[in-house]
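The chain contents come next:
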Amino acid sequence: MHLFEAANGVRWTHLRKLPETRAIKSMYLWLFIVPVAAKALSSVSSPANLKVFDYQIELHLELPFSWQAFYFAAVCFVLGSLAFSYSCPDIVKDHASYDSFSRKGKGFYHLNEYDLQVGRRAGDEGRFELRPYAGYMGESVEISNERQLRESFWSLHNQADRHNLLGRRVTGVSYAAGLFLLTWVVIENLLAVVRAML
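Per-chain numbering applies: the sequence of each chain, read as written, is numbered from 1 onward. Reporting of local features is limited, given that this is a predicted model, to residues whose pLDDT is at least 70; pairs of side-chain atoms are given and counted only at 80 or more, and all residues count toward the totals for whole chains, interfaces and linings. Computation of side-chain values covers all heavy atoms of the structure but excludes hydrogens and water.

## Some points on the environment of G119
In step 1: Its place among the elements puts G119 in the loop between α8 (108-118) and α9 (141-161).
In step 2: Separated by 44 residues in sequence, G119 and H163 place their C-alpha atoms 8.7 Å apart. Strands here are runs of E lasting at least two residues and helices are runs of H or I lasting at least four, both read from the DSSP assignment and numbered beginning at the N terminus.

Put into structure tokens, the structure is as follows:
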């Protein structure tokens, strides 16, 4: 299966969790460390001979592969984060659930604003509004209004979650490439340890 085709089933709610992980947040540091180290190492001749007491030590001063991989993984995560910030609808970025939406005191007006990003054209009438009381038997007006708002929120959130396939693909592939590079470094280091033990 092609990598872009695999990204078709990925939704924004899946992608929004990745940048929040501690491992990915720490990757941004490599964007600064690697260029500084590369610049410092480029001005030193390699191999460098170092004399410690009576021992002559030869040091090969070059950037370790794992640092290069971390750098490119960080670049992938930055590209993925930029694609996410630009492409992901605000309702998904702002609210993982209806409770988050409700706690911020948002209502039908806000749903119509979010709807502009997902498909409604500017100038079209908003499709989300409080309908006349249509409560179930024994349901109060307040509960009916709350139920309508909750249903409308999830209807739009689910639509937004699948919105902008190209943006989801670019974000997903960028994150996948970064994760691949991280996995590669981990596997390479594990193999180095195993080889050293044998």
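## Looking at the packing of helix α5 (residues 65-87) against helix α10 (residues 165-197)
A packed helix pair is summarised by two numbers, namely the angle formed by the two axes and the spacing between the axes.
In step 1: Orientation of α5 relative to α10, taken along the N-to-C sense of each, is 160°, at an axis distance of 8 Å. Looking at the two axes, α5 sits roughly antiparallel to α10. Remark: the crossing between α5 and α10 carries left-handed chirality.
In step 2: Charged residues are taken to be Asp, Glu, Lys and Arg, nonpolar residues to be Ala, Val, Leu, Ile, Met, Phe, Trp, Tyr, Cys and Pro, and polar residues to be all remaining types, Gly included. Here the residues of the contact of α5 with α10 are counted per class, giving 18 nonpolar, eight polar and one charged. Axis lines are fitted through C-alpha atoms, for helices just across the contact stretch, and the angle between N-to-C directions can take any value from 0 to 180 degrees. Relative orientations are named as follows: roughly parallel for angles under 35 degrees, roughly antiparallel for angles over 145 degrees, roughly perpendicular for angles from 65 to 115 degrees, and oblique for any other angle. In a left-handed crossing the near helix is turned counterclockwise from the far helix by less than a right angle, and in a right-handed crossing that turn is clockwise.

## Topic: the packing of aromatic side chains
Centre distance and the angle of the planes are the two values used to describe a pair of aromatic rings.
In step 1: The pairing test for Phe, Tyr and Trp rings, Trp by its six-membered ring, is centres within 6.5 Å, and the orientation test on the planes gives stacked under 30 degrees, edge-to-face over 60, and tilted for anything in between. In total, this model carries eight aromatic pairs according to the counting rule given.
In step 2: Both rings, one in Y71 and one in F72, keep their centres 5.4 Å apart while their planes meet at 75°; by these two values the pair is edge-to-face.
In step 3: A simple rule labels every residue: compare its accessible area, found with a 1.4 Å probe on the protein chains alone, to the largest value its type can have, and call it buried under 20%, exposed over 50%, or partly exposed in between. Given a relative accessible area of 24%, Y71 falls into the partly exposed group.
In step 4: On the numbers, 5.0 Å between centres and 35° between planes, the contact of F101 with F153 is tilted.

## Some details on the pattern of salt bridges
In step 1: Any Lys or Arg side-chain nitrogen located within 4 Å of an Asp or Glu carboxyl oxygen qualifies as a salt bridge. According to the stated counting rule, one finds three salt bridges in the structure shown.
In step 2: Between D90 and K93 there is a salt bridge, with its nearest N and O atoms 3.4 Å apart. Here D90 and its partner K93 are both found in helix α6 (residues 90-94), three residues apart, which amounts to about one turn of the helix.
In step 3: A salt bridge links R147 to E151; the nearest nitrogen and oxygen atoms lie 3.6 Å apart. Of this pair, R147 and E151 both sit in helix α9, four residues apart, roughly one helical turn.

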